[in-house]
Amino acid sequence: MLTIAMPKGRIFDEAVGLLRRADYVLPPEFDESRKLVIDVPEEQMRFILAKPMDVVTYVEHGVADLGIAGKDVLMEEERNVYELLDLHISRCHLAVAGLPGAKMNEIAPRVATKYPNIASTYFREQGEQVEIIRLNGSIELAPLIGLADRIVDIVSTGRTLRENGLVELERIAEVTSRLIVNPASYRLNGGDIERLVDRLAAVIPQP
Ligand SMILES: Nc1ncnc2c1ncn2[C@@H]1O[C@H](COP(=O)(O)OP(=O)(O)OP(=O)(O)O)[C@@H](O)[C@H]1O
Ligand SMILES: O=P(O)(O)OC[C@H]1O[C@H](OP(=O)(O)OP(=O)(O)O)[C@H](O)[C@@H]1O
C-alpha cells in the first residue's frame, strides 16, 4: 500500500487526470467529496489531501510515501525528499514584477512575496540588498498601495498582473509540479514506486 499526498486546490484536478490517464481507477470521491483521506484498495493506494505547501511536510515525515508538489514549493525550502519526476502539469513561472517605470527605492528597497527564501536568494545573487516582506496572498496589492517596490510571485496567464497595471520585470524560474518521495520509503518500496513512476512517465504531457 502506497500513501500519496495530493495538493488540494489548482493542482489537484490535473494530478487526478494524470493518474487516471495512467489507468489508475480513482473513485468519484476524487471529483466531489470533502474527504481528506481516500482509500483505493483496488490500487493498493491511499491518498491524503493537503494544502500544497504542506504536502512536502507529510512526505518528509514519512506519513506519506509520495507526494505531488509545485517546484516553487520545493525551491522555497530545502527539505529531505527526493524529486522523482517532472509531471509537466500546473505550469507557471516565478517572476519579479512591479509598476511600469517605477524605480527601486535606493535606500530601503522592499520586495513583497509569499516566497521569502526564493526572493532573498534571487536578489542576493543579483547583488541587490532588499528587505523582504512576507505576504500570504494578493501579492499584487503591495506595489499598488506602496508597501513594496517589487513583488516576487507566480505568473501563469499574466492576467492578475495586467488587470492591476503591473509588469513582469524578470523571470526567476519555470515551475511545474513534481512527484516527490520520502527517501526511506523509496529504499523500502523501490519496486512499487518505480512501477508508478513508469506508468506516470508514459502519460506525462509533453512540454
Ligand atoms: N496561477 C497560479 N498561481 C499560483 N499557483 C499556481 C498557478 N498555476 C499553477 N500553480 C501551482 O499551484 C500551486 C498552488 O496551488 P493553489 O493555488 O491551489 O494553492 P495556494 O492556495 O496558493 O496554496 P496555499 O493554500 O498554501 O496558499 C503552486 O505551488 C504552483 O506550483
Ligand atoms: O498569471 P495569473 O494567471 O493571473 O495567475 C497568477 C496569480 O495567481 C496566484 O494567486 P491566487 O489566485 O492563488 O491568489 P492569492 O493572491 O490568494 O495567492 C498568484 O499568486 C498570482 O496572483
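As the structure is a prediction and not an experimental result, all values here were calculated from the model. (Residues numbered from 1 in each chain as written. Chains lettered and ligands numbered in written order. Predicted model: local features only at pLDDT ≥ 70, side-chain atom pairs only at ≥ 80, totals over all residues. Heavy atoms only, no water.)

## Some details on the domain arrangement of the chain
Each domain of the chain was delimited in the assignment, giving domain 1 (2-90 + 176-201) and domain 2 (92-173). Tallying the contact residues gives 6 residues for domain 1 and 9 residues for domain 2. Summing both partners gives a buried area of about 680 Å² for domain 1 against domain 2, and 59% of it is carried by carbon and sulfur. When residues of domain 1 are sorted by the area they lose upon contact with domain 2, Asp-72, Met-75 and Glu-76 head the list and together hold 68% of the total. (Domains from an automatic or database assignment. Contact = heavy atoms within 4.5 Å. Buried area = accessible area lost by both parts, 1.4 Å probe.)

## Things to note about the side chain of Arg-79
Here Arg-79 lies in the loop between α4 (71-76) and β5 (82-86). Here the side chain of Arg-79 touches Thr-57 through a polar contact of 2.6 Å, side chain to side chain. (Helix = DSSP H or I, 4+ residues; strand = E, 2+ residues; numbered from the N terminus. Polar contact = N/O pair within 3.5 Å; in protein donor to acceptor, adjacent residues only side chain to side chain.)

## Let's talk about the sheet that holds strand β7 (residues 110-113)
Strand order across the open sheet formed by 5 strands is β8-β7-β9-β6-β10, with mixed pairing between neighbours. Both edges of this open sheet fall to β8 (131-134) and β10 (167-175), since each of them pairs with a single strand only. Across the sheet, the mean angle separating the axes of adjacent strands is 25 degrees when strand polarity is ignored. Sheet analysis places β7 next to β8, joined by 4 bridges and oriented parallel. By the bridge assignment for β8, Val-111 is matched with Ile-132. (Pairing = 2+ DSSP bridges. Axes fitted to C-alpha atoms, helices over the stretch in contact; angles between N-to-C directions.)

## Here's the deal with the pattern of salt bridges
For the structure on display, the rule yields 11 salt bridges. We note a salt bridge from Asp-86 to Arg-178, for which the minimum N-O separation is 3.6 Å. Of this pair, Asp-86 sits in strand β5 while Arg-178 sits in strand β11 (residues 177-181), and the two are 92 residues apart along the sequence. Since its relative accessible area comes to 23%, Asp-86 is described here as partly exposed. What emerges from the salt-bridge pattern is a single network uniting Lys-71, Glu-83, Asp-86 and Arg-178. (Salt bridge = Lys/Arg side-chain N within 4 Å of Asp/Glu carboxyl O. Buried < 20%, exposed > 50% of the residue type's maximum accessible area, 1.4 Å probe, protein only.)

## Thoughts on unusual backbone geometry
The phi angle at Asp-23 is positive, at roughly 75 degrees, despite the residue not being glycine. The residue Asp-23 is located in the loop between α1 (12-21) and α2 (29-32) in this model. You will see that Ser-138, though not glycine, has its phi angle at about 45 degrees, which is positive. Mapped onto the elements of the fold, Ser-138 is located in the loop between β8 and α6 (141-144). What makes Ser-138 exposed here is its relative accessible area of 56%.

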